[in-house]
Structure formats: structure tokens, C-alpha cells
Amino acid sequence: MSEIDVTEVFEKCLGCRYMVALLRRIEQGIQRPGQLEKAVDGMTAKVLSERLKRLVEYGVVTKTSYPEIPPRVEYTLSTFGHRLLEIIDEVDILHKEARLKK
């Protein structure tokens, strides 16, 4: 994907109930698929694989594959992914402020 369409990222990546939790775990340093699967309640290996593939496709995370036996793969937040989490934090603050004003 040459240019990131932010609207599409929100619709296709953040629309899943696991995405933000998954991004938070990666941000906290949990980078391997097996660790991520255990760290996010209710996430199956199939769902994790699909979500990680989508996050890589949209440039939110980067995937590093190591030529080892057994193969090792790690995921890290891209610069865009870090910024996206900052925006999600801002939206969360806005939502909390709005609830307090009610």
C-alpha cells in the first residue's frame, strides 16, 4: 500500500474489538504471536493472524521475520502506529470529558 488512507485504517483495522487491545500489547513490548494470543483475552490464533496481517498491510505495525529454526516473527508499532495510538488516547480523553459534563 503506497499511501495510507486513514479513514480506511479506522474502518478496517480499528473496527474490530481486539485491535486496540492488540496494539496496546505490542506497544508494551509483547511482540511474538504466541505471547499476543495469550495476552488478549478471547483472541484465537486465527483471529490474531488475520488482524496482524491487516495491521501490517496498513502500515500500523511492522513484521520482522528471523531466518531461524523454528521460525521467529516479531511485530512492532510503526511510527504511524505510535501516532495512531496517541490519537486513540485523545479520543478516549474526549469521551471521558464528555461523560463528565453530562
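Visitor: I'm lost on the overall build of the chain in this one. Help?
Guide: When helices and strands are tallied, the chain shows 5 helices and 2 strands. Counting helices and strands in the order they occur from the N terminus, the chain gives α-α-α-α-β-β-α. Counting over 102 residues, the chain shows a buried share of 28%. The contacts in the chain between residues at least 6 apart in sequence include a share of 51% that link residues at least 24 apart. In the form shown here, the chain has an accessible surface area of approximately 7,000 Å², with 52% of it arising from carbon and sulfur atoms.

Visitor: Would you take a moment to explain the packing of helix α2 (residues 19-27) against helix α4 (residues 45-57) for this structure?
Guide: To describe two helices that pack against each other, one gives the angle between their axes and the distance between the axes. Where α2 contacts α4, the two axes come as close as 11 Å, and the packing angle between them is 75°. Here α2 is positioned roughly perpendicular relative to α4, judged by the angle of their axes. Across the interface between the two elements, Met 19, Leu 22, Leu 23 and Ile 26 of α2 pack against Leu 48, Arg 51, Leu 52, Arg 54 and Leu 55 of α4. The class makeup of the residues in the contact of α2 with α4 is 7 nonpolar, no polar and 2 charged.

Visitor: What exactly am I supposed to notice about the pattern of salt bridges here?
Guide: Opposite charge on two side chains allows them to pair when their charged atoms are near. Across all of its chains, the model carries 8 salt bridges by this definition. Where Arg 24 meets Asp 89, a salt bridge forms, and the shortest distance between an N and an O atom there is 2.3 Å. Separated by 65 residues along the polypeptide, Arg 24 in helix α2 and Asp 89 in helix α5 (residues 79-101) bring together distant segments of the chain. A relative accessible area of 32% means that Asp 89 is categorised as partly exposed. When the shortest N-O distance is used, the salt bridge between Asp 92 and Lys 96 registers 3.2 Å. One end of the pair is Asp 92 and the other is Lys 96, both in helix α5 and 4 residues apart, which spans about a single turn. Overall, the relative accessible area of 36% leaves Asp 92 in the partly exposed class. A network of salt bridges, in which partner residues are shared, links Arg 24, Glu 27 and Asp 89.

The rules we used
- Residues numbered from 1 in each chain as written.
- Predicted model: local features only at pLDDT ≥ 70, side-chain atom pairs only at ≥ 80, totals over all residues.
- Heavy atoms only, no water.
- Helix = DSSP H or I, 4+ residues; strand = E, 2+ residues; numbered from the N terminus.
- Buried < 20%, exposed > 50% of the residue type's maximum accessible area, 1.4 Å probe, protein only.
- Contact = heavy atoms within 4.5 Å.
- Areas by Shrake-Rupley, 256 points an atom, 1.4 Å probe, with all protein chains shown as cover.
- Axes fitted to C-alpha atoms, helices over the stretch in contact; angles between N-to-C directions.
- Parallel < 35°, antiparallel > 145°, perpendicular 65-115°, else oblique.
- Nonpolar A, V, L, I, M, F, W, Y, C, P; charged D, E, K, R; others polar.
- Salt bridge = Lys/Arg side-chain N within 4 Å of Asp/Glu carboxyl O.

Read these as geometric descriptors, not functional statements.
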